[in-house]
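# Working through the structure, step by step
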Amino acid sequence: MHKEKILVIGASGQIGVELTLALRKIYGANNVVASDLREENNLLKGGPYVSLDVMNKEMLHVQVIRQNITQIYLLAAMLSAKGEKNPGLAWHLNMQGLLNVLDIAREENLKKVYWPSSIAVFGPTSPKQNCPQKTIIEPTTVYGISKFAGEFWCNYYHLKYGVDVRSLRYPGLISYKSEPGGGTTDYAVEIFHEAVEEKKYVSFLEEDTYLPMMYMPDAIKATIELMEAPAENITIRTSYNLSAMSFSPKEISAEIKKHIPEFEISYDPDYRQRIANSWPQSVDDAVARADWGWKHEYDLATMTEDMLKNLPEILQSQD
Ligand code: NAD
Ligand code: SER
């Protein structure tokens, strides 16, 4: 059997660190090359790392050939909140990075490509509750526009060139190993850091802003299950809806209070409120569940318990 050699681009980010570690467990540390613009995350020291800019197509191509890469996981992107501050750059990175990877995958006949989309593809005209896989999609952020266009580029490369590219529309992701990179759902990670360190948090979203969310272990499980599913089971070549839970700042703060009774939340909404208001409150992922057996494990209570068990140790090690 031909051995897999995987390149993770954007490996030092919130998802990249945990996905790289999970892939190394499956494929062996030496067969998963981490890469990023940023310096290597300490947690990734157990395997190969290359410094790489996904915008430099030639350098990327050289690395793919030199390292005998068979699969790419592309995680480098600019997220929603940062993107609204710099729309031109967000569009350029999110689109050109993807096109560079898809072109190289086609030219080098790579076995598989993974590229994440987001709930941000949906806009104010999409259904707010249980937003279906196929519905009105009119995003109003540059991030959402880039993800929607990216989904159709993936579909195009699959149909026209046979590239086996797969994708998930992640909800907001909550994790403790590495920090988030500038999204609207980042409040749901910040709140844990502030709860542990300060016992109080000022939310940049209003108390009743419900958004689709997921704990990182579920996101990693979904990604790996999607990538391991037989190609004939993959009926969506744009990107799959993926769901686990939906909560508001008020609800997550009440859950944290069960563990830290003195914790207090207050509200000072900023420009990110408009972004959050444009997204659905929950999504329907029935197609992912039917096609490749997706099932989430964590809800708000079990995620909160696990975050508060693990985060203090991580914060202490950074002191
Ligand atoms: P992140 O910002 O934490 O990490 C992105 C990484 O990409 C960073 O380490 C950054 O240094 C790197 N990077 C940026 N520009 C690069 C370049 N030119 N070349 C190489 N590396 C570069 O993002 P994340 O949260 O890990 O998100 C990863 C992917 O998942 C993105 O496509 C994002 O849109 C998607 N996503 C994330 C979430 C979430 O809640 N975290 C939700 C939905 C979708
Ligand atoms: N977590 C992401 C963001 O808020 C959603 O894609 O940008």
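Coordinates for the structure precede this section.
What you see is a predicted model; the values in this text were computed from it and never measured.

## Digging into the sheet that holds strand β13 (residues 245–247)
Read across the sheet, 3 strands follow the order β9-β11-β13 without closing on themselves; strand pairing throughout is mixed. Sheet topology places β9 (172–174) and β13 at the edges, where each strand pairs with a single neighbour. On average, each strand axis in the sheet is tilted by 45° relative to the strand beside it, whichever way the strands run. Here strand β11 (residues 211–215) runs beside β13; their pairing, made up of 3 bridges, is antiparallel. Paired with M213 across the strands is M245, a residue of β13. Those strands touched by helix α11 (residues 300–318) are β9, β11 and β13, and its axis lies near 80° from that of β13.

## Looking at α11
For α11, with 19 residues, the first-to-last C-alpha span of 26 Å sits near the 27 Å given by 1.5 Å per residue. Residues L300, M303, T304, D306, M307, L308, L311, I314 and L315 constitute the buried set of α11. Where the residues of α11 are buried, they touch β9, α6 (187–197), β11, β13 and α8 (249–257). Where α11 begins, the capping side chain belongs to D299, and its oxygen is found 3.2 Å from the backbone nitrogen of A301.

## Quick look at the sheet that holds strand β7 (residues 165–166)
One open sheet accounts for 6 strands, arranged β3-β2-β1-β4-β5-β7; its pairing is parallel. Of all the strands in the sheet, the pair left with one neighbour each is β3 (49–51) and β7. Pairing of strand β1 (residues 6–9) with strand β4 (residues 71–74), which is carried by 4 bridges, proceeds in the parallel orientation. Directly across from I9, in β4, lies its bridge partner L74. Here helix α1 (residues 14–27) sits on the sheet and contacts β1, β2 (32–36) and β4; the angle it forms with β2, its principal contact strand, is near 165°. Running at roughly 175° to β4, helix α4 (residues 87–107) makes contact with β1, β4, β5 (112–114) and β7 of the sheet.

What counts as what
- Residues numbered from 1 in each chain as written.
- Chains lettered and ligands numbered in written order.
- Predicted model: local features only at pLDDT ≥ 70, side-chain atom pairs only at ≥ 80, totals over all residues.
- Heavy atoms only, no water.
- Pairing = 2+ DSSP bridges.
- Helix = DSSP H or I, 4+ residues; strand = E, 2+ residues; numbered from the N terminus.
- Axes fitted to C-alpha atoms, helices over the stretch in contact; angles between N-to-C directions.
- Contact = heavy atoms within 4.5 Å.
- Expected span 1.5 Å × (residues − 1).
- Buried < 20%, exposed > 50% of the residue type's maximum accessible area, 1.4 Å probe, protein only.
- Polar contact = N/O pair within 3.5 Å; in protein donor to acceptor, adjacent residues only side chain to side chain.

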